[in-house]
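Below are the chains, spelled out letter by letter.
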Amino acid sequence: MRLKCTHTFRGNHMICSQNIIKLTIFLLAIALWPAPAALAAPPPNPELVYTVQPGDTLMGIAFKYNLSPLEILQANHLFNPSLIFPGQKLTLPGVPAPTPTPPPTPTPLLQLPLSGTQHTVQPGETLYSIAQTYGVPVGNLVLANSLPNPDVIQVGQTLNIPIGPLPTPGALPPPFESVSLSESTIIQGRTLTVYVSLAEPATVSGSFEGQPLIFNSDGTGGLWAITAVHALLQPNSYPIILTATRPDGSTASHVEPVSVIEGPYGFEAIQLDDTRSQLLNPQTLAAERDMLVNLWTQVTPRPRWSGPFWYPIAGNDVRITSYFGTRRTYNNSDELSFHAGTDFGGSGTPIYAPAAGRVVLARPLTVRGNAVVIDHGLRLYSNYWHQSQIVVTEGQEVQQGDLIGYVGGTGLVTGPHLHWEVRLNGIAVNPLQWVRESIP
Ligand SMILES: [Zn+2]
């Protein structure tokens, strides 16, 4: 007989000869021992209470904590080692319970290979341009220089350009009372909501990746702002910079990190024939795009929508042919783009306004065909391309469910469909999130 237990793995099962012998003896003993309560000696010290997880085995738990299965069975008055179940609490004899730990510290901001140097602010520079020059997140500069307001830097001011990870932001400075995010880890292409509450009157401004945050009252004393996570934003930790300004002009800043992770998007290579390739002429693309970007960056400072969006196509006709976010190349080009909207199949199918807003564009475009753009406020715009017919006019107010046009095949398309695109701060975000969730 072995004196020392030898653990052998076969597949996922651990077989330990000595423990099996012990277990057998124990089970025999149990059969002859009518008073299991006699085993219940109170532990002298607090012992770890382990919650059984899905997939756990008694052998596995015993191995992990350097115990024998028998010891666990004894300590918990169990008779059948195969009858443990997820969620069950097992006292692990002799394994000390962890001492209470202080609350976890927030995740540190970006840890880039940073150049440790100083920078003197030159005329025309902003904190954002300096951050870009050094490849440093703006939030790191704010923290490293204890800047009360990232929008106010002086020419001639010396800034520390930090090396490596920074100390994490500490407690919220007054007047901030709470800061939270709809998602602290978010996939590319989603809309993020920032919630702020204040302990005293102040106005709050902020930014994320160069996008200004426009804060709105939630009607119960809280504030919220929405911002876009670009579908091609490099996965990493990014700062959300918040500044509160009190009526006396004094300010306080807080940097809230958000983790951006890869979106589960597919890939497609698109080949366009010669006639259509001509339309990919960079100048044609740029002119139309610039006109739209100009439109998308106008701010209506209040939300016109409320609650979840509806599909732009009536329920029975909804047939999604291409999802938002799919990575695309055109005609084998190296340039990676992505599908900026959600496509619905159909021809002549009515298109309805998914939320209230004001029509700010209703006319034919070269690439996008018969196009409608609706302003929902706060730099949130929904867009409808390739329509066969438009039935609204520029300047018209629409309510949720109003008819705006019909699905068609105008512009740069390979067949009739509705391309539905939602832009926030000019950045395309997943439209279906707006259907599935009530934002904010
Ligand atoms: Zn599309």
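Definitions and limits used
- Position labels on residues start from 1 in each chain and follow its written sequence.
- Only residues with pLDDT of 70 or above have their local features reported here, since the model is predicted, and side-chain atom pairs are shown and tallied only from 80 upward, although totals for entire chains, interfaces and linings are computed over all residues.
- Values shown for side chains rest on all heavy atoms present in the structure; no hydrogens or waters enter the calculation.
- Each pair of strands is called paired provided DSSP finds at least two bridges between the two strands.
- Numbering goes from the N terminus for both helices and strands, where a helix is a DSSP run of H or I of at least four residues and a strand is a run of E of at least two.
- Coordinating donors are taken as N, O and S atoms within 2.8 Å of the metal, stretched to 3.2 Å for Na, K and Ca; because water is absent from the atoms, sites can appear incomplete.
- Angular criteria define each label, namely tetrahedral for four donors with all angles between 85 and 135 degrees, square planar for four and octahedral for six donors with opposite donors over 155 degrees apart and remaining angles between 65 and 115, and irregular for whatever fails these tests.
- The cut-offs for exposure are 20% and 50% of the maximum accessible area for each residue type, with area from a 1.4 Å probe on protein chains only; residues under the lower value are buried, those over the upper are exposed, and the others partly exposed.
- Any Lys or Arg side-chain nitrogen found within 4 Å of a carboxyl oxygen on Asp or Glu counts as a salt bridge.
- For this analysis, a polar contact is any N or O atom pair within 3.5 Å, provided that within protein one partner can donate a hydrogen and the other can accept it, and provided that sequence-adjacent residues contribute only side-chain to side-chain pairs.
- Contacts were defined at the residue level, with two residues in contact if any of their heavy atoms lie within 4.5 Å.
- For Phe, Tyr and Trp, where Trp contributes only its six-membered ring, two rings pair if their centres lie within 6.5 Å, and the inter-plane angle classes them as stacked under 30 degrees, edge-to-face over 60, or tilted in between.
- A residue's pLDDT is the predictor's confidence in that residue, given on a scale from 0 to 100.

1. A look at the sheet that holds strand β16 (residues 267–270)
Pairing within the open sheet is mixed, and its three strands lie in the order β16-β18-β19. Looking at strand neighbours, the two that pair on one side only are β16 and β19 (337–338), the edges of this open sheet. Strand direction decides the pairing type here: strand β18 (residues 327–330) and β19, joined by two bridges, are antiparallel. Counted as the bridge partner of R328 is S337 from β19.

2. Digging into the coordination of the zinc ion
Those donors, H339 (NE2), D343 (OD), D343 (OD) and H419 (ND1), are the protein atoms that reach the zinc ion, and they lie 2.0 to 2.7 Å from it. Geometry at the zinc ion is irregular, judged from its four donor atoms and the angles of 53 to 157 degrees they form at the metal. All donors of the zinc ion belong to a single chain; written as a sequence motif, their spacing is H-x3-D-x75-H. Take D343: its relative accessible area is 7%, and that puts it in the buried class.

3. Focus: unusual backbone geometry
The amide bond that connects P174 to the next residue, P175, takes the cis arrangement and shows omega of 10 degrees. With respect to the helices, strands and loops of the structure, P175 is situated in the loop between β6 (158–161) and β7 (176–181). For the peptide bond that leads from I439 to P440, omega is 5 degrees, which places it in the cis range. Inspection of the secondary structure assignment puts P440 in the segment after α8 (431–436). Residues other than glycine seldom take positive phi values, yet H386 does so here, at roughly 70 degrees. In this fold, H386 is placed in strand β24 (residues 380–390). The phi dihedral of N425 is positive, around 55 degrees, even though this residue is not glycine.

4. A few points about the pattern of salt bridges
Applying the stated criterion to the full structure yields eight salt bridges. Two residues, E183 and R190, come together in a salt bridge whose shortest N-O distance is 3.0 Å. Using a relative accessible area of 16% as the deciding quantity, one classes R190 as buried. A salt bridge links E200 to R246, with the nearest nitrogen and oxygen atoms 3.4 Å apart. You can see E200 sitting in the loop between β9 (191–198) and β10 (203–208) and its partner R246 sitting in the loop between β14 (236–245) and β15 (251–261), a full 46 residues away along the chain. Assessed through its relative accessible area of 33%, E200 is described here as partly exposed. In this structure R246 comes out as buried when scored by relative accessible area, which is 17%.

5. Examining the side chain of N425
Topologically, N425 is positioned in the loop between β27 (417–424) and β28 (427–429). Within the structure, N425 has its side chain in polar contact with the side chain of Q211 (distance 2.7 Å). Residues contacting N425, with those up to four places away along its chain left out, are Q211, P212, I226, T227 and R379.

6. Observations concerning the packing of aromatic side chains
The full count for this structure, using the stated rule, is eight aromatic pairs. Considering the side-chain rings of F309 and W434, the 5.2 Å spacing of their centres and the 50 degrees angle between planes classify their relative orientation as tilted. Of this pair, F309 sits in the loop between α7 (282–296) and β17 (320–322) while W434 sits in helix α8; the two residues are 125 residues apart in sequence, bridging distant segments of the chain. On the basis of relative accessibility, which here comes to 2%, the residue F309 falls in the buried class. Taking relative accessible area as the criterion, W434 reaches 1% and is therefore assigned buried. Centre to centre, the rings of Y311 and F344 are 6.1 Å apart; their planes meet at 80 degrees, and the pair counts as edge-to-face. Of this pair, Y311 sits in the loop between α7 and β17 while F344 sits in strand β20 (residues 342–345), and the two are 33 residues apart along the sequence. Take Y311: its relative accessible area is 29%, and that puts it in the partly exposed class.

7. Brief notes about the confidence of the model for the chain
Here the chain shows a mean pLDDT of 81. Residues at 70 or above account for 78%. In this model residues 1–44 is a low-confidence stretch, pLDDT under 50, and it forms 42 contacts with partners more than four residues away in sequence or in other chains.

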